[in-house]
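So you can see what is in the structure, the chains are spelled out below.
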Amino acid sequence: MVWATSGTVTDGIAAELAEVLTGEKPPSAGIDVGWRPSTATVLLALLGGQGTVGQEERGPSFVLVDLPDPVERVECWASAHVDPVELKGLMPEHDRRNLVAPWAVAVVDGAVAAVCETARSAPASVEAGVWTYEPYRRQGFGAAATAAWATLAADRTVFYSTSWDNRASQRLAHSLGLRPLGHWWWVHRG
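Reading the values: rules and limits
Residues numbered from 1 in each chain as written. Predicted model: local features only at pLDDT ≥ 70, side-chain atom pairs only at ≥ 80, totals over all residues. Heavy atoms only, no water. Phe/Tyr/Trp six-rings, centres within 6.5 Å; stacked < 30°, edge-to-face > 60°. Buried < 20%, exposed > 50% of the residue type's maximum accessible area, 1.4 Å probe, protein only. Salt bridge = Lys/Arg side-chain N within 4 Å of Asp/Glu carboxyl O. Helix = DSSP H or I, 4+ residues; strand = E, 2+ residues; numbered from the N terminus. Contact = heavy atoms within 4.5 Å. Pairing = 2+ DSSP bridges. Axes fitted to C-alpha atoms, helices over the stretch in contact; angles between N-to-C directions.

Caption draft 1: Focus on the packing of aromatic side chains. Under the definition given, this model contains three aromatic pairs. With 6.5 Å between their ring centres and 90° between their planes, W131 and Y133 make a pair best called edge-to-face. W131 sits in the partly exposed class, given a relative accessible area of 25%. Given the relative accessible area of 16%, Y133 is considered buried. Aromatic side chains Y136 and F141 sit 6.1 Å apart centroid to centroid with 80° between the ring planes, which places their arrangement in the edge-to-face category. Among the residues examined, Y136 registers a relative accessible area of 19% and is labelled buried. Classification of F141 as buried rests on a relative accessible area of 8%.

Caption draft 2: Representation of the pattern of salt bridges. Applying the stated criterion across every chain yields a total of five salt bridges. In this structure, E93 and R97 form a salt bridge, with 3.0 Å as the shortest nitrogen-oxygen distance. On the criterion of helical spacing, the pair formed by E93 and R97 is a turn pair, its members being four residues apart in helix α3 (residues 93-97). By relative accessible area, E93 is classed as partly exposed at 28%. A salt bridge links R137 to E134; the nearest nitrogen and oxygen atoms lie 2.6 Å apart. For R137, a relative accessible area of 41% translates into the label partly exposed. Its relative accessible area of 55% is what places E134 among the exposed residues. Each of the salt bridges in this network shares a partner with another, and the network as a whole consists of E93, R96 and R97.

Caption draft 3: Layout of the environment of S125. Tracing the sequence through the fold places S125 in strand β5 (residues 125-132). The spacing of S125 and A153 is 28 residues in sequence and 8.4 Å in space, taken between C-alpha atoms. If we ignore the near neighbours within four places in the chain, the residues touching S125 are R156, T157 and F159.

Caption draft 4: Expanded view of the pairing of strand β4 (residues 111-121). Where burial is concerned, most of β4 is hidden: eight out of the eleven residues are buried. Relative to β4, strand β3 (residues 104-108) runs antiparallel, the two sharing five bridges. Each residue of the ladder has a partner; that of A104, found in β4, is C116. Here β3 folds back onto β4 in antiparallel fashion, the turn holding two residues, of which D109 has a positive phi close to 50°.

Caption draft 5: Local environment of the sheet that holds β5. Sheet architecture is open: seven strands sit in the order β2-β3-β4-β5-β6-β1-β7, paired in mixed fashion. Each end of this open sheet is capped by a strand with a single partner; those strands are β2 (75-78) and β7 (179-189). Geometrically, the sheet is characterised by an average inter-axis angle of 30° between neighbouring strands, direction not taken into account. On top of the sheet, helix α4 (residues 141-152) reaches β2, β3, β4, β5 and β6 (157-161); it is set at about 45° to β4, its chief contact.

Quick look at the structure:
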């Protein structure tokens, strides 16, 4: 079990949170309902002492065990071979300018249909950030972009996380053969 707090949480509150979390039993990787720490009420009360506690989010996490096969029917462009400037006009400008490498995109009829970029990166691991534009959803383009991205990050441990209400994202993880790893729980500041 791993936990972290933002820099806005005081050292004293962070120490109290750590003490409570030390006794928390890690969840099973296999459950398919929204996990929440059994100590959530205590944790939220401690955080509430620092200010307003906002929304809770949670979801499953997955790890890549074997590289997925490329989706042959989908053209993918990747940061290893394409400069983001070449995507100008193929996707919204804000999205293009903020791509985090490594990234891969699925291109359909002269437009970017789906993107997989690096959401989090560390020397030994990397996490996918995936989105598919509305007209292209549920057609396998997100999986194609993610498979292409995974080959760029294959020298590190590859993670994929999603929320419990994002069933399409969970289907994508399963279609790529990602292995359930655990669960995350996130509390936003109010």
